[in-house]
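Architecture and fold: a report
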Amino acid sequence: MPRTRIHNFSISLDGFATGEPQSLEAPFGHAGQRLHQWMFATRYWDPSGSAGVDDAFAQQFAPGIGAEIMGSNKFGPPDWQDDESWTGWWGEDPPFHTPVFVLTHRPRPALTMGGGTTFHFIEASPAEALAAAQEAADGLDVRIGGGPTVVRDFLSAGLVDHMHLVQVPILLGRGVRLWDGLEGIEESFEVESVTSPSGVVHLVFTRRTD
């Protein structure tokens, strides 16, 4: 059965997945790139990077994925919809290489990029978006790419089968928290943790089938 998966999703010790305010110059607000330094040091990100536990987890991002769903704030800075030339943060060849469904209240025509990535801009509930992504994925898994509000919505709807979180040892104090409103969500999952020498903790949530 195809699964709905989340990978390499970083949060701070106090549960924030992004800082504030988000802007063109600061996609993650005052958090900067601190939530993602663990990944930048891996061979997955940089051929000269390190192997080891962080790299092993990072490498699981793409295999078996046939489509992605992301929120509006992951695709661009506030009000990107007003700029018809905006094509995302990733240049001409985005790293997804699949159909990507961008959730927005202001849909626009699909955008085809290099490397097999096509962005589809839709207004839909989590269940509706997942149905569209599953059809496009053609039997492969669907990745929920974030940001935290989208991940929270899919968790609340019970639509996530596998989630890999990375708890980074920093405190942000403000921004957008992942866990708000999700009290007790862990009861629906088997949870495993792996500590890395880099200081991060990898948390793997696998939906219970019993």
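Read on for an overview of the structure. (Residues numbered from 1 in each chain as written. Predicted model: local features only at pLDDT ≥ 70, side-chain atom pairs only at ≥ 80, totals over all residues. Heavy atoms only, no water.)

1. Here's the deal with the sheet that holds strand β8 (residues 162–168)
Using the following cut-off: Whether two strands pair comes down to DSSP finding at least two bridges between them. Numbering of helices and strands runs from the N terminus, with a helix taken as a DSSP run of H or I at least four residues long and a strand as a DSSP run of E at least two residues long.
With mixed pairing, 9 strands are arranged side by side in an open sheet as β5-β6-β4-β3-β7-β1-β8-β11-β10. This sheet does not close on itself; its edge strands, each paired only once, are β5 (111–112) and β10 (189–195). When β10 meets strand β11 (residues 201–207), the two strands line up antiparallel, connected through 7 bridges. Looking across to β11, one finds that S193 is bridged to L203.

2. A closer look at the nonpolar core
To keep things clear, this is the line we draw: Within this scheme, the nonpolar core is defined by two criteria: the residues are buried Ala, Val, Leu, Ile, Met, Phe, Trp, Tyr or Cys, and they are joined through side-chain atoms within 4.5 Å. For every residue, the accessible area (1.4 Å probe, protein chains only) is compared with the maximum for its type, and the residue is labelled buried under 20%, exposed over 50%, or partly exposed between those bounds. Note on definitions: a residue-residue contact is assigned when non-hydrogen atoms from the two residues lie within 4.5 Å.
If you look at the biggest cluster of nonpolar residues, it comprises 29 residues, and the most contacted ones within it are I69 and F154. Only β1 (4–12), β3 (65–71), β4 (99–103), α4 (126–137), β7 (141–146), α5 (148–156), β8 and β11 provide two or more residues apiece to this core. Apart from residues no more than four positions distant in its own chain, F154 is found in contact with I69, L103, P126, A129, L130, I144, L159 and V160. One finds F16, W38, I170 and V200 within the second-largest nonpolar core, a separate group that totals 11 residues.

3. Observations concerning the side chain of T98
Along the chain, the position of T98 falls in the loop between α3 (72–75) and β4. Excluding anything up to four places from it in sequence, T98 contacts I65, G66, A67, E68, G116, T117 and T118.

4. Some details on the side chain of D14
This is how it is decided: Counting rule for charge: Lys and Arg are taken as positive, Asp and Glu as negative, and neither His nor the chain ends is counted. For this document, the term salt bridge refers to a Lys or Arg side-chain nitrogen within 4 Å of an Asp or Glu carboxyl oxygen. Any pair of nitrogen or oxygen atoms within 3.5 Å is treated as a polar contact; in protein, a donor-acceptor pairing is required on top of that, and neighbouring residues in sequence qualify only through side-chain atoms on both sides.
Looking at where D14 falls in the secondary structure, it is placed in the loop between β1 and β2 (16–18). Look at D14: it is buried, it has no salt bridge, and the nearest opposite charge is R177 at 6.3 Å. Side-chain polar atoms of D14 contact the side chain of S12, separated by 2.5 Å. Apart from residues lying up to four places away in sequence, D14 is in contact with I170, L171, L172, G173 and R177.

5. Quick word on the pattern of salt bridges
Counted according to the given criterion, the structure contains 8 salt bridges. With its nearest N and O atoms 2.7 Å apart, the salt bridge here joins E190 to R208. With E190 in strand β10 and R208 in the segment after β11, this residue pair connects regions lying 18 residues apart in the sequence. Taking relative accessible area as the criterion, E190 reaches 42% and is therefore assigned partly exposed. Linked by salt bridges that have partners in common, R3, R5 and D141 make up one network.

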